[in-house]
Amino acid sequence: MELRPGVHLFPAHLARPAQEELLGEVRAMVAAAPLLRPEMPGTGRPFSVRMTNGGPLGWVSDRKGYRYQPTHPGTGAPWPPIPARLLRLWEEVADWPVPPDACLVNFYDETARLGLHQDRDEEDLLAPVLSVSLGDEAVFRLGGLERGDPTRSLRLRSGDVLVLGGAGRLCFHGVDRILPGSSTLLPKGGRINLTLRRVRPH
Ligand code: MD6
Ligand code: FE
């Protein structure tokens, strides 16, 4: 389903068993690379969303700024690998000739949200960004290429895949809130969003 040029939603692309298997793999990633609470560059204001990464590069944000780096800032270790099923999903859906080199893991508790933003910290702004949602539903806001453009609201449900590519790669988007109790995937509730990115040009 094309929501606007270059923005494709694949509702319920992952069935429940695949979601459960992916969740197990995400738990292993978090065990190796504990969730971090990013801070806004400059002010140091904490994000409500907690994050970690897999792959050769991971996105981090602190007072010094946003960047991609090869190691976890807490442990100093390389990020764990991107799960193979996510690499297969990218091959299947992303329509891009090289694999992702970063997988950002966002964890939302019932009060977390993510302000309207563009994903533009990647060197390669032509490669798509692919996201997978797990757990509670998100009220997701999708805008246009300018911050002030009109926006629409949609739900992202567990198993949904969203791709921002082509003319939609730099659309503004964010998460207004999550809907507690809307999914049974995570026993204690909450939402996970995984975004696969290609940071370095090939
Ligand atoms: C989220 N998603 O769903 C936040 N970015 O929690 C994103 O920020 C996002 O879903 C780029 C491409 C797809 C996305
Ligand atoms: Fe984003």
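As shown above, the structure is provided for reference.
Predicted model, so just to flag it, every value in this text is computed and none were measured.

(A) Representation of the pairing of strand β12 (residues 173–179) in the model. For β12, the tally of buried residues reaches 5 of 7 residues, placing the bulk of the element in the interior. Inspection of the sheet shows strand β9 (residues 137–142) paired to β12 by 6 bridges, in the antiparallel sense. What sits directly across from V139, in β12, is R177.

(B) Local environment of the environment of M51. The residue M51 is located in strand β3 (residues 50–54) in this model. Taking the relative accessible area as the measure of exposure, M51 reaches 5% and is therefore buried. For the pair M51 and R85, spaced 34 residues apart in sequence, the C-alpha separation works out to 20 Å. With sequence-adjacent residues up to four places away left out, M51 is seen in contact with P34, L35, L36, P38, W59, L104, V105 and N106.

(C) Representation of the site of ligand 1 in the model. Around ligand 1 lies a shell of 16 residues, among which Y108, H117, S131, H173 and R191 are the nearest. Between ligand 1 and the protein, one listed contact pairs an oxygen atom with a side-chain N or O atom of H117 at 3.1 Å. The separation between an oxygen atom of ligand 1 and a polar side-chain atom of N193 is 3.2 Å. Per-element tally for the shell around ligand 1: the top contributor is strand β13 (residues 191–197), with 3 residues.

(D) Expanded view of the sheet that holds β12. Within the open sheet, the 4 strands sit side by side as β7-β12-β9-β10. Their pairing is antiparallel. Every other strand in the sheet has two partners, leaving β7 (114–117) and β10 (152–156) as the edge strands with one partner each. Adjacent strand axes in the sheet meet at a mean angle of 25 degrees when their direction is disregarded. Strand direction decides the pairing type here: β7 and β12, joined by 2 bridges, are antiparallel. If you follow H117 over to β12, its bridge partner there is H173.

(E) View of the packing of aromatic side chains. On inspection of all chains with the given rule, the structure shows 2 aromatic pairs. Counting every residue linked through ring pairs, the aromatic cluster contains F47, W59 and Y66. We note R191 situated over the ring of Y108; from NZ or CZ to the ring centre the distance is 5.0 Å.

Cut-offs used in this document
- Residues numbered from 1 in each chain as written.
- Chains lettered and ligands numbered in written order.
- Predicted model: local features only at pLDDT ≥ 70, side-chain atom pairs only at ≥ 80, totals over all residues.
- Heavy atoms only, no water.
- Buried < 20%, exposed > 50% of the residue type's maximum accessible area, 1.4 Å probe, protein only.
- Helix = DSSP H or I, 4+ residues; strand = E, 2+ residues; numbered from the N terminus.
- Pairing = 2+ DSSP bridges.
- Contact = heavy atoms within 4.5 Å.
- Near = heavy atom within 4 Å.
- Polar contact = N/O pair within 3.5 Å; in protein donor to acceptor, adjacent residues only side chain to side chain.
- Axes fitted to C-alpha atoms, helices over the stretch in contact; angles between N-to-C directions.
- Phe/Tyr/Trp six-rings, centres within 6.5 Å; stacked < 30°, edge-to-face > 60°.
- Lys NZ or Arg CZ within 6 Å of the ring centre and 35° of its normal.

What is shown is where atoms sit, not what they do.
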